[in-house]
Amino acid sequence: MTAYTTTPLTDVTTWFRAGRTDQFPVGAGAVIKYRDRQIAVFYFNRTERWYACQNLCPHKLENVLGRGLIGEQDGIPKVACPMHKRTFSLETGENLNGDCPPVAVYPVKVENDYVYVGFAD
Amino acid sequence: MQIVVIGNGMVGHKFCDLFSRHPRRGEFQLTVFGEERRPAYDRVHLSAYFSDRDADKLALASREWYAEAGITLRTGELVTELDTERRELTTHLGNVLRYDYLVLATGSVPFVPPVPGCEKQGVFVYRTIEDLEAIMDYADKIRDKAGARSVIMGGGLLGLEAAKATLDMGLATDVIEFAPRLMPRQLDEAGATTLKNKLADLGLGVHLSKSTTAIAGNGAITHLEFSDETSLPADMLIISAGIRPRDELARKAGIEVGPRGGIMADEYLRTSAPDVYVIGEAALYREMIYGLVAPGYDMARVALGSIMADADGGCMPEAIDLSTKLKLIGTDVASFGECFPNADEARSIVFHDESGGIYKRINISRDGKRLLGGILVGDAADYNMLHQIYKNNMALPPQPEDLILGTRGVGGNPGAGVLDLPDAAVICSCENVSKGTLCSLLSEGEAASVKELVACTGAGTGCGGCKPILTDLVENYMKSQGKVVRNTICEHFAYTRQELRDLVQMKNIRTYDEALDVIGQGNGCETCKPALASIFATVYAETANPQAQIQDTNDRFLANIQRNGTYSVVPRVPGGEISPDKLLAIGSVAKKYDLYTKITGGQRIDLFGARLEELPLIWEELIAAGFESGHAYGKSLRTVKSCVGSTWCRYGMDESVSFAIEIEERYKGLRSPHKLKGGVSGCIRECAEARGKDFGLIAVEEGYNLYVCGNGGARPVHAQLLAGPVDRATAVRYLDRFLMFYLRTAGPLIRTAKWLEGLEGGIDYLKSVVVDDVLGIAEELETEMQGLVDGYACEWKQAIEDPALRARFRPFVNTDESEELEFVALRDQKMPKPW
Ligand code: SRM
Ligand SMILES: Cc1cc2nc3c(=O)[nH]c(=O)nc-3n(C[C@H](O)[C@H](O)[C@H](O)COP(=O)(O)OP(=O)(O)OC[C@H]3O[C@@H](n4cnc5c(N)ncnc54)[C@H](O)[C@@H]3O)c2cc1C
Ligand code: SF4
Ligand code: FES
């Protein structure tokens, strides 16, 4: 868990090229590896927004969040863990339906059909 | 004015928390000393530390919180001396501080009986985060040793919790108890025996009436010796034999303590020294130490009220509620109120299901009007309600046995519903929140959900035991206001599943996004996505492939996700019949990919531990060998179980295997509101357990009897007779109609048994629709089903043949590396590393 910390846009020092946009599923998530970290990247086709968070679910520490269903709750974009359906805000990382610790979220940008995830290291 | 609190445990922290919200806090300085190096943490949920080693998650407040509240927190500093005349204390660092009011919240330490050998390596107690760290480190060391065993001394509340924890660490575990039964303070003989049998099923060894005479071993513990000359091997021992209040500081300062320890407190928690109070597990109140948070929190409230001279500060009640519900052990255990009253004061009603492992006892006043207490083992679903009835001294229904048995037969609500509770009823005893408070938040619109109630009041943040009641309260309140009348899907679709299905069909909606645009709102969620996926499947025979992104994870990857994020693979074996060649094919795939292999309860073979990227490779080989998807991952037809039938069996009335295969082939791939299972038995001996399935056929002299809406699982229900005896063709026609009617009308994730329960008119109505066709839709249902049957395609075959579909099985977008996973050996196979 300690490997992951939420990175605000202002702290980004590295924009890591994660892949071409068409390598990511539409309306779902996929996982990339940055150093030894697993990062889940989601594309919300309806709002045309991209989000990223740690792939590790804080509940049972499994690397599975990227395989979860995405959606929104009261306008907040979220991902539901495939294991036990804990949901996490992709804006703040907060656990929306339980008392798990938050997940780390990272900024994402798209340039020339490539997806970049922002890291502070 | 200076207040000093000694002890920064759960109760000491509660005092600070209440102080920080007190209107007169500005007139006081508050300083807190804690011996432990961390700020206060949640001891009640300490065992959670085993699963994640995350101390932050247990924290009750951060240092920043203390700073912001203006409270001086000095952790890692032990108060060693107290002078109550000069009102001064000294710490081990030599610091001296003067106080005006002093609050002792020094808690307790585990009691370690004077048995020789306690100092040996591998002997632990269970109280602090450091204790748990030491236990985990030691367990890591001994785990590799074949047959490593841990022993827990003490079969009480805490001991059993510790036992479950070491069991979960993968250690063989025994519990030894001095008394002749487990949890002697909470359970009677029969309850304790039921619990003991349950624990034995979990793999826990229980040894009663054991008095330990020595902890043996050369340096490190190797075994325990008992007074009855027996012994027990042990590589680790956790002592959980009760607690001793930490009164050493008070004792030295001349403050009055009890004959068996504990700092004497009156009903305002005052000690014998002026302006010195005691709260929590260190306090001896009415000759008792209370080892629970709720009374401790009450003490913090009363002591603060006295110090602040609040008008309504209150005092401690005469009788303290010691009701408890055991958490974590894998079976329910709870007791409340008087567990063992005198026979002349009470009568008891007992329900005992020995084979099912359920024991319930309630004690009722002689006049039958009041609930005095009770014990629940194996099923404590009624605990919250019973506890409320007991605490609020509510009148009992005329048949009090209904409280534990439910109303048998028709009508009526057994006992009180949550809305019948008086407003003064305390729902959360840790945070002292009453029903009245919660209801007024709901009615004033300040809160509209459990989450908001928790945020407004803190209810449910202590032991968490009241959460089910909070949920009931919100649901019932909303219902009573007429707010939730229909089971609509979610915030994005204001329809029931049946309405949604009708709309999709009527408007010929083909995709999820289209559904949102045309009949929904917003952008969807994890609830409406799979619900619509199921609707598309049952209307258009769509497999899980075209809209993989709206499928639940298992359907998206066409396999069941397992504990460590790997998947299982289950090829279809219709009717459970498999040729030796196919068995060999499964065997060679399993061997090649090193998959854990097991015969399932559904007469087929499950291969576990496949990595995401291996799934298409495995299926390629299975499909080449003639297999198809078994849809074990889908809310869809699973298996049609068969018995061997007249093919071989001397009693068989028909070839049940052939018929089971025919039916399984017919409905394979059929998606439905929940999973579907069938069974065909060759005679009334019922070896295929057909009446435990959603549909079951039993061969009789003149054909088949068709039963529907049975269920195994958590709430077993026998299927009921829909028609019979009928010939095979008629049985299939009725099945088509029955299944299609269910597919159309059931809510998401409602299995047939539950669906029938909610169907007005029950089985008779169902018969009239399926057999007598009163709705005139029989033909339509049959045609629709035939369309789905004809539309079948093996989705695994689709997935491996289409490169675009195959791409989803890559673990990482940006590299070909595969994920690092840890397995451990299990017999001749492997399993995931424990959580
Ligand atoms: C593998 C198997 C256990 C075994 O090793 O024998 C199994 C394994 C699981 N069962 Fe089961 N059940 C298996 C036979 C059963 C049976 C026995 C049977 O089918 O005759 C039952 C009771 C009969 C019944 O369903 O009424 C059964 C009742 C359940 C239930 C409770 C359903 C209920 O209505 O109460 C669940 C939970 C659920 O579906 O919500 C469940 C859920 C599960 C899940 C899917 C839990 C999960 O979400 O991970 C397990 C995943 C299996 C996997 O990854 O492949 N499993 N499960 C059996 C697979 C049968 C097969 O070949 O497909
Ligand atoms: C594993 C476990 C599970 C439990 N489960 C439940 C449950 O399910 N339900 C329930 O109601 N209760 C449960 N309890 C009991 C509950 O945790 C205690 O009742 C509660 O923690 C008591 O709080 P306290 O503040 O009185 O004592 P503590 O939490 O023990 O705090 C006392 C603190 O004071 C410090 N201290 C002592 N002397 C000094 C000194 N001289 N100077 C400075 N600091 C000092 C100690 O180091 C300690 O940190 C459980 C306990 C354990 C260990
Ligand atoms: S009973 Fe079924 S769901 Fe439960 S552990 Fe066994 S396989 Fe899993
Ligand atoms: S592992 Fe994610 S919710 Fe349990």
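Here the structure is a predicted model, which is why all the values come from computation and not from measurement.

Each value, and the rule that gives it
Residues numbered from 1 in each chain as written. Chains lettered and ligands numbered in written order. Predicted model: local features only at pLDDT ≥ 70, side-chain atom pairs only at ≥ 80, totals over all residues. Heavy atoms only, no water. Helix = DSSP H or I, 4+ residues; strand = E, 2+ residues; numbered from the N terminus. Buried < 20%, exposed > 50% of the residue type's maximum accessible area, 1.4 Å probe, protein only. Contact = heavy atoms within 4.5 Å. Areas by Shrake-Rupley, 256 points an atom, 1.4 Å probe, with all protein chains shown as cover. Pairing = 2+ DSSP bridges. Axes fitted to C-alpha atoms, helices over the stretch in contact; angles between N-to-C directions. Phe/Tyr/Trp six-rings, centres within 6.5 Å; stacked < 30°, edge-to-face > 60°. Lys NZ or Arg CZ within 6 Å of the ring centre and 35° of its normal. Core = buried A, V, L, I, M, F, W, Y, C linked by side-chain atoms within 4.5 Å. 1 Å grid on protein atoms, 1.4 Å probe; cavity = no way out; pocket = protein on both sides within 12 Å on 5 of 7 lines; lining within 4 Å. Points joined across faces, edges and corners; volume = space filled by probe spheres on them. Nonpolar A, V, L, I, M, F, W, Y, C, P; charged D, E, K, R; others polar. Domains from an automatic or database assignment. Polar contact = N/O pair within 3.5 Å; in protein donor to acceptor, adjacent residues only side chain to side chain. Parallel < 35°, antiparallel > 145°, perpendicular 65-115°, else oblique.

Caption draft 1: Up close: the overall build of chain A. Broken down by element type, chain A carries zero helices and 12 strands. Going from the N terminus to the C terminus, chain A shows its helices and strands as β-β-β-β-β-β-β-β-β-β-β-β. When each of the 121 residues of chain A is scored for burial, the buried share is 58%. Counting contacts in chain A only where the partners sit at least 6 residues apart, residues at least 24 apart contribute 49% of the total. Total accessible area on chain A is roughly 5100 Å²; 45% of this is exposed by carbon and sulfur atoms.

Caption draft 2: Up close: the sheet that holds strand 11 (residues 172-176) of chain B. All names here are of chain B. Ordered in space as 9-16-10-11-12, the five strands form an open sheet in which the pairing is parallel. Here the strands that pair on one side only, and so sit at the sheet edges, are strand 9 (123-125) and strand 12 (204-207). Here the strands of the sheet are splayed against their neighbours by 20° on average, with no regard to which way each runs. Judged from the four bridges that link them, strand 10 (residues 149-153) and strand 16 (residues 236-239) form a sheet pairing that is parallel. Bridge pairing links I152 to I238 in strand 16.

Caption draft 3: The arrangement of the sheet that holds strand 32 (residues 637-642) of chain B in detail. Residue and element names in this part refer to chain B. Judged by pairing direction, the sheet is mixed, and its five strands sit side by side in the order 32-33-34-35-36 without closing on themselves. Looking at the sheet topology across the chains shown, the edges are occupied by strand 32 and strand 36 (720-726). For this sheet, the mean inter-axis angle between neighbouring strands, taken without regard to orientation, is 15°. When strand 33 (residues 676-681) meets strand 34 (residues 695-700), the two strands line up parallel, connected through four bridges. Residue pairing in the sheet places G679 in a bridge with G696 of strand 34. Sheet strands touched by helix 22 (residues 728-745): strand 33, strand 34, strand 35 (703-708) and strand 36. Its angle to strand 36, the strand with the most contacts, is close to 155°. The strands touched by helix 24 (residues 762-770) within the sheet are strand 35 and strand 36, with strand 36 carrying the most contacts at an inclination of about 40°.

Caption draft 4: Layout of the packing of aromatic side chains. Counted under the stated rule, the structure contains 25 aromatic pairs over all chains. Plain terms: the ring middles of F741 of chain B and W755 of chain B are 5.9 Å apart, the flat faces sit at 70° to each other, and that makes the pair edge-to-face. Here F741 of chain B, found in helix 22, pairs with W755 of chain B, found in helix 23 (residues 752-758); they are 14 residues apart in sequence, far enough to count as distant. By relative accessible area, which is 6% here, F741 of chain B ends up buried. Among the aromatic residues, those joined into a cluster by ring pairs are F557, Y567, W619, W796 and F809 of chain B. Against the face of Y114 of chain A rests R17 of chain A, its NZ or CZ located 4.1 Å from the ring centre. When the ring centre of Y651 of chain B is taken as origin, the NZ or CZ atom of R685 of chain B, which lies over that ring, is 3.6 Å away.

Caption draft 5: Structural view of the nonpolar core. Counting 95 residues, the largest nonpolar core has F15, L104 and I279 of chain B as its most contacted members. If you tally residues by element for this core, the top one is helix 9 (residues 293-307) of chain B, at nine residues. Filtering out sequence-adjacent residues up to four positions away, F15 of chain B remains in contact with I3, V5, L30, V103, I279, A300, A303, L304 and I307 of chain B. Formed by 46 residues, the second largest nonpolar core is a distinct cluster that contains L65 and C100 of chain A together with A559 and I586 of chain B.

Caption draft 6: Representation of empty space enclosed by the protein. Scanning the entire structure with this criterion turns up four cavities of 30 Å³ or more. By volume, the largest cavity amounts to about 170 Å³. Around the largest cavity sit 17 residues that line it, and K668, G669, L670, L788 and Y792 of chain B are the ones nearest its centre. Within the residue set of the lining of the largest cavity, elements represented by two or more residues are helix 21 (656-667) and helix 25 (778-790) of chain B. The residue makeup of the lining of the largest cavity, split by class, is eight nonpolar, four polar and five charged. Here the lining of the largest cavity spans two domains, since at least three of its residues come from each of domain 3 (497-556) and domain 4 (567-790) of chain B. Within this model, the second largest cavity holds a volume of roughly 140 Å³. Together, 14 residues line the second largest cavity, and G27, N45 and R46 of chain A together with D513 and K529 of chain B are the ones closest to its centre. Tallied by class, residues from the lining of the second largest cavity come to five nonpolar, six polar and three charged.

Caption draft 7: Looking closely at the side chain of T566 of chain B. Residues and elements named next belong to chain B. Tracing the chain through its elements places T566 in the loop between strand 28 (560-561) and strand 29 (567-569). Residue T566 is classed as buried on the basis of its relative accessible area of 2%. Side-chain polar atoms of T566 contact the side chain of N564, separated by 2.7 Å. Once residues within four sequence positions are removed from consideration, T566 is found in contact with N560, I561, G609, A610, L821 and F823.

Caption draft 8: Structural context of the packing of helix 22 of chain B against helix 25 of chain B. All names here are of chain B. One way to put it is that helix 22 packs onto helix 25 with a least axis distance of 8 Å and a crossing angle of 85°. With respect to helix 25, the element helix 22 is oriented roughly perpendicular. Each of R733, D736, R737, L739, M740, F741, L743 and R744 in helix 22 lies in contact with helix 25, whose residues at this interface are A778, E780, L781, E782, E784, M785 and L788. For the contact of helix 22 with helix 25, the residue count by class is eight nonpolar, no polar and seven charged.

Caption draft 9: Highlighting the environment of E281 of chain B. All names here are of chain B. Within the fold, E281 resides in the loop between strand 19 (276-278) and strand 20 (283-285). Note on E281: relative accessible area 14%, which makes it buried. Engagement of the side chain of E281 in a polar contact is seen with the side chain of S108, the distance being 2.6 Å. At 2.9 Å, the side chain of E281 forms a polar contact with the side chain of R127.

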